[in-house]
Amino acid sequence: MKKGISSIVAGTLVLVFAVVGQAAGQPAAGCIVLKTVAEVEQPYTTDDGETAKRLVPAAKVVPGGEVVWTVTASNVCDKPAEKVAIDNPVPDHMRYVPDSAMGPGTDIAFSVDGRKFAPPGALTVSNADGSERTARAEEYSHIRWTFKNALQPGSVAFARFRAVVK
Amino acid sequence: MQNRWSAASAWGVVLLLMLGASDRSLAAGVPAGTDIQNTAVVNYSLRGTAQSTSSNTVSVTVAEILDVVVTLQSPTVSVSPGDTQQELVYRLTNTGNGPEAFLLTMTSTLSGDDFDPLPSVPAIYFDTDNSGDLSAADTPYVAGSNDPLLQPDAFVTVLIVNDIPAGLTSGNRGLSQLAAAARTGTGAPGTLYAGQGVGGTDAVVGTTGADGSVNGEYLVSDISVTAVKSQTVSDPFGGTRPVPGARITYQIVVAAAGTGTAAAAAFVDTIPASTTFVPASIQLNGTALTDAADVDVGTYVATPTPQVSVQLGDLTQASGPQTIRFAVTIN
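Described below are features of the structure shown in this document. Quick caveat: nothing in here was measured; it's all calculated off a predicted structure.

## Thoughts on the overall build of chain B
Along chain B, the regular secondary structure elements total one helix and 26 strands. Across the 331 residues of chain B, 40% fall into the buried class. When contacts within chain B are restricted to residue pairs at least 6 apart in sequence, long-range pairs at least 24 apart make up 71% of them. In the structure as shown, chain B presents an accessible area of about 16400 Å², 56% of it carried by carbon and sulfur atoms.

Here's what the structure looks like:
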């Protein structure tokens, strides 16, 4: 009898963990599977004896350190996905690195509030006196990549930007 | 009413927290142990139906960066041979992003000087009473016992104390050094101390190498300050007789000679008996000074004893002669 109760309790625990795992960011079901990766550049010596850089998982970062964020979108359905746009906030405690956002076949826009998006030169912010000026790169809070073409079944698109730990 | 008050005080608390956080981000950076999280979202259309999907959430923990800056707060200290307990003032600032304890060491056997100051016992003190010099309230430093534990951007003022050997000659210079090193570890920038940072994060040596040292200097000084006073009398009749109503203009030339600095030199002269100070007559090097105790360096006080004073500041031989004038009338 005692044994039966403890196995029920154990079963409940497993269930709870599964739910937490889902809430913590397992991709939800859909035709596009989106994956985010954080990496840092690491210098290394090639077989030819030259110094090069490669991306390795961001195990640790320190203030002033740069993180390369890469988002991949995979179309896992058999229908093309249209009007694909990836939104990524510049993470808290980080500052966007100017001109670092890239994505093949995309138009890239930025925002300082997560609502109004515009290309770099066209994004403005209000001064204290009510006048407007062009937003600076370090003020960007969100990045949006809009894909010009549909994402075909089985294909993968990617977007990338760099940010520095404040 | 009750609700409005509590809402107002809650806003006050939020504001303070935000100020604290932004101050910290200026120098030391994001605190060690902070989790930086990122989630992307994709919006798309499938046969005309809008869809939205989130990515996995990536979390990156900020490691502890080990950095320290040591600065000398006192200028060259002028000393005489045989002086005891002469202090140099330093500031130690934690420029890392986590709380860190620092080991302090001092040495007075350095090259590049003329003599070795003799460390007092103890030789390192915290300026506990913030007086900027050694006083009874200051706590001696004991390595491993009261290593200063500093929050990010916090600093502590440290004194190192030396005696000056006898038998030195004027112009001799002696160096003494304070060094500080992060207790977690030091090394080349980028050196990793795995798992030894705040909350089990990694600790990484920053650009300072997590240590720092600065020399302070003692200068054996034989500086002497001389004052030469002269007077001119002009009587009401166009002559130079010291009669009642005659005006006496005093000129005092103050000059420093020798090596070193006469710190905070001040000229003070009492108005002679049976004379009266002439208001607004004080001059320093030809420039008029006001009588009031204000922004300029000259002051006249009538009580308890009528006297003129002029603060000359730090004088060296290079300062050249300082000429002070003031006038009185004979009663």
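## Describing the interface of chain A and chain B
Contacts between the two partners involve 37 residues from chain A, matched on the other side by 32 residues from chain B. Taken over both partners, the interface formed by chain A and chain B buries close to 2800 Å², and the fraction arising from carbon and sulfur atoms is 65%. Counting the surface chain A buries against chain B, the share from its top three residues, L34, T36 and K60 of chain A, is 19%. On the surface where chain A and chain B come into contact, there are zero salt bridges.

## Looking at the nonpolar core
Core analysis: the biggest nonpolar cluster contains 44 residues, and W69, I86 and Y96 of chain A have the highest contact counts within it. When contributions to this core are tallied by element, the ones reaching two or more residues are β1 (32–45), β3 (66–75), β4 (82–89), β5 (94–96), β9 (142–147) and β10 (156–165) of chain A together with β2 (41–46) and β4 (58–61) of chain B. Top element by residues in this core is β10 of chain A. It accounts for five residues. Counting residues in each nonpolar core, the second largest holds 31 residues, with V77, F102, I124 and Y193 of chain B among its members.

## A word on the packing of aromatic side chains
The full count for this structure, using the stated rule, is seven aromatic pairs over all chains. Pairing F110 of chain A with Y140 of chain A gives two aromatic rings, centres 4.3 Å apart and planes at 20 degrees, and the pair type is stacked. Linking F110 of chain A in strand β6 (residues 106–111) with Y140 of chain A in the loop between β8 (132–134) and β9, this pair joins segments that are 30 residues apart in sequence. As far as burial versus exposure is concerned, F110 of chain A and Y140 of chain A are alike and both buried. A centroid spacing of 5.8 Å and a plane angle of 90 degrees characterise the contact between F126 of chain B and Y141 of chain B, whose relative ring orientation is edge-to-face. Of this pair, F126 of chain B sits in strand β10 (residues 118–126) while Y141 of chain B is found in the loop between β11 (139–140) and β12 (149–150), placing the two residues 15 residues apart along the sequence. An identical accessibility class is assigned to F126 of chain B and Y141 of chain B; each is buried. Here the aromatic cluster, defined as three or more aromatic residues joined through ring pairs, consists of Y96, F110 and Y140 of chain A. Its guanidinium or amino end placed over the ring of F117 of chain A, R144 of chain A lies 3.9 Å from that ring's centre, counting from NZ or CZ. In this structure, K229 of chain B is placed above the aromatic ring of Y250 of chain B, and the distance from its NZ or CZ to the ring centre is 4.6 Å.

## Description of the pattern of salt bridges
On inspection of all chains with the given rule, the structure shows 14 salt bridges over all chains. Among the salt bridges present, the one from R241 of chain B reaches D235 of chain B, with a minimum N-O distance of 3.8 Å. D235 of chain B sits in the buried class, given a relative accessible area of 7%. Put simply, E41, K53, E66 and R162 of chain A are held in one network by salt bridges that share partners.

The rules behind the values
Residues numbered from 1 in each chain as written. Chains lettered and ligands numbered in written order. Predicted model: local features only at pLDDT ≥ 70, side-chain atom pairs only at ≥ 80, totals over all residues. Heavy atoms only, no water. Helix = DSSP H or I, 4+ residues; strand = E, 2+ residues; numbered from the N terminus. Buried < 20%, exposed > 50% of the residue type's maximum accessible area, 1.4 Å probe, protein only. Contact = heavy atoms within 4.5 Å. Areas by Shrake-Rupley, 256 points an atom, 1.4 Å probe, with all protein chains shown as cover. Buried area = accessible area lost by both parts, 1.4 Å probe. Salt bridge = Lys/Arg side-chain N within 4 Å of Asp/Glu carboxyl O. Core = buried A, V, L, I, M, F, W, Y, C linked by side-chain atoms within 4.5 Å. Phe/Tyr/Trp six-rings, centres within 6.5 Å; stacked < 30°, edge-to-face > 60°. Lys NZ or Arg CZ within 6 Å of the ring centre and 35° of its normal.

These figures come from the coordinates and say nothing about function on their own.
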